[in-house]
Amino acid sequence: MEKYIINGGNKLVGETSVLGAKNSVLPILAATVIGNNRSTILNIPNLRDVEIMEEILISLGCIVERVGNTIMVDSRTLNQIVIPEDLVREMRSSIILMGSMLSRTKEVVITYPGGCEIGPRPIDLHLKALRHMGAEIEESYGQLYCRTEGLMAADIQLDYPSVGATENIILAAVTAKGVTVIRNAAREPEIIDLQNYLNKSGARVSGAGTSVITIEGVKTFKDVTHTIIPDRIVAGTLMVTSAITGGDIILKNVIVDHLLSIIAKLRETGTQIYANENTIKVSGPKKLNSIEMLQTLPYPGFPTDMQAQMMALLSIAGGTSIICETVFENRYKHAEELTRMGANIKIFGRVAVVNGVKELTGAKVTAKDLRGGAALTLAGLASKGATEISQIFHIERGYENLHIILQNLGADIEKTN
Ligand code: EPZ
């Protein structure tokens, strides 16, 4: 199994560019099956999760071609309705294919995605909304058998602004008869990107980015070319990299507007941040300040996908910080690994109390999930001595060539078998 070996202590300095957002690519690739058309999607990172979605589209009969950071999908040849179970188990967010397949084929069989490293990950909000739109969904033997005579528009009030449920409903509504309204919709930028892709192909979606999204069903779609927005979580992770190493990093090709909550919290630690349209400069302070309260919330609140990285940073801040993870039930697995590196962290349910220590020391640690693994990498960069991180396949699900990006910024990090 591949590992990262890090010798900490270097200040990271330099410039790097941010690639397309994983959490935007995945719903947009799922959406390509709807239009019975050709989609050319640009600025796609090389990640296992993206490969899985490509494999699913190919298994459904689509023609998929990847050239560098561009993927072409021709969904006119789609001829299957069963999503391969092993691929869904490997990537639970493939559940948003329910909406797009019901739109296209009116039928889909998909295995229950189940939980993952950060919690049980239920899909009750997805199922309730799709049934409200006229989908018959039978759950048996771990499989979801979904079919419809034709989805009907509906007025849907989400109990929670779930990103995946919002995306699934949009994908189901784009061909449904009538006008669908989603209230208490998720407001993440990736949903705006999905709306923009769909509208370029002829759909009529509006309101993405707000909590009320309206979708008017249409029948025909045209070929579309779309460029994925930059990954705000990769950008945030690199911003924390500069803060935790006392470095000086310039990030190009970012959308500053998507980073406002991360900028605000990093400034509280004494990190200096200069931002213009699509460039941001982050300078880490000599001494990091603790943060009185860091609460993760749906967008535009502080992103849960940045919680682990901030815990690593606050582990060496002067004073005590409180973190409250309100989005997922079990997203502190990185805390015990950080403790092995000398951090002083206590977990009480969804609350973590982080007492900053003078310095972390290198250790053998294990990545338990994507963002927790990124947090351990950042901690290793700031630690005294050598850190060995195993199970880095978790990290590589969401970060393309992270070790190379960090090497180019001056980190002493190697990937070994
Ligand atoms: C998306 O997951 C992202 N994944 C996650 O990023 C991100 O952490 C999350 O949104 C929140 O921003 C992708 O976009 C592929 P949710 P998703 O539905 O859609 C509960 C990463 O690291 N819930 O908004 O699964 C759920 O259990 C990943 O890149 C229900 O109870 O998130 C969770 O507690 C991790 N019932 C909360 O809502 C449902 O039917 C938020 O989940 C659906 C969700």
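Everything in this summary refers to the structure shown in the same document. In every chain, residue numbers begin from 1 and rise along the written sequence. Only residues with pLDDT of at least 70 are given local features in this predicted model, and only at 80 or more are side-chain atom pairs given and counted; all residues enter the totals for whole chains, interfaces and linings. Side-chain metrics rest on all non-hydrogen atoms present in the structure, leaving aside hydrogens and water.

## Remarks on the sheet that holds strand β5 (residues 70-74)
Right, so step 1: At least two DSSP bridges between two strands are needed for those strands to be called paired. Numbered from the N terminus, helices here are DSSP runs of H or I no shorter than four residues, and strands are runs of E no shorter than two. Ordered in space as β4-β5-β3-β13, the four strands form an open sheet in which the pairing is mixed. Sheet topology places β4 (63-67) and β13 (224-227) at the edges, where each strand pairs with a single neighbour. When strand polarity is set aside, the average angle formed by the axes of neighbouring strands in this sheet is 15 degrees.
Right, so step 2: Looking at chain direction, strand β3 (residues 38-42) and β13 are connected through four bridges and run parallel. What sits directly across from Ile-41, in β13, is His-226.
Right, so step 3: Only heavy atoms matter for contacts: two residues are in contact if any of them lie within 4.5 Å across the pair. Only the stretch in contact is used when a helix axis is fitted, and all axes are lines through C-alpha atoms; the angle between N-to-C directions ranges over 0 to 180 degrees. Docked against the sheet, helix α2 (residues 48-59) engages β4 and β5, running at close to 150 degrees with respect to β4.
Right, so step 4: Packed on one face of the sheet, helix α7 (residues 189-200) meets β3 and β13 and runs near 160 degrees to β13.

## Describing the site of the ligand
Right, so step 1: In the vicinity of the ligand, 23 residues are found, and the nearest of them are Asp-124, Leu-125, Ser-162, Asp-305 and Val-327.
Right, so step 2: Contacts described as polar in this section are N or O atom pairs within 3.5 Å, which, within protein, must combine one atom able to donate a hydrogen with one able to accept it, while residues neighboring in sequence count only if both atoms come from side chains. Take Asn-23: an N or O atom from its side chain is 3.0 Å from an oxygen atom of the ligand.
Right, so step 3: Take Asp-305: an N or O atom from its side chain is 2.6 Å from an oxygen atom of the ligand.
Right, so step 4: The protein chains hide 86% of the 830 Å² of surface that the ligand would expose on its own.
Right, so step 5: Contributions of two or more residues to the shell around the ligand are made by α1 (22-31), α5 (124-132), α6 (163-173) and α12 (370-382).
Right, so step 6: The dominant element in the shell around the ligand, judged by the number of residues it contributes, is α5, at three residues.
Right, so step 7: The classification used treats Ala, Val, Leu, Ile, Met, Phe, Trp, Tyr, Cys and Pro as nonpolar, Asp, Glu, Lys and Arg as charged, and all other residues, Gly among them, as polar. When its residues are assigned to classes, the shell around the ligand shows nine nonpolar, six polar and eight charged. For this purpose, a residue is taken to be near a molecule or strand whenever a single non-hydrogen atom of the residue falls within 4 Å of it. For every accessible area listed, the method is Shrake-Rupley and the probe measures 1.4 Å; residues are considered covered only by the protein chains on display.

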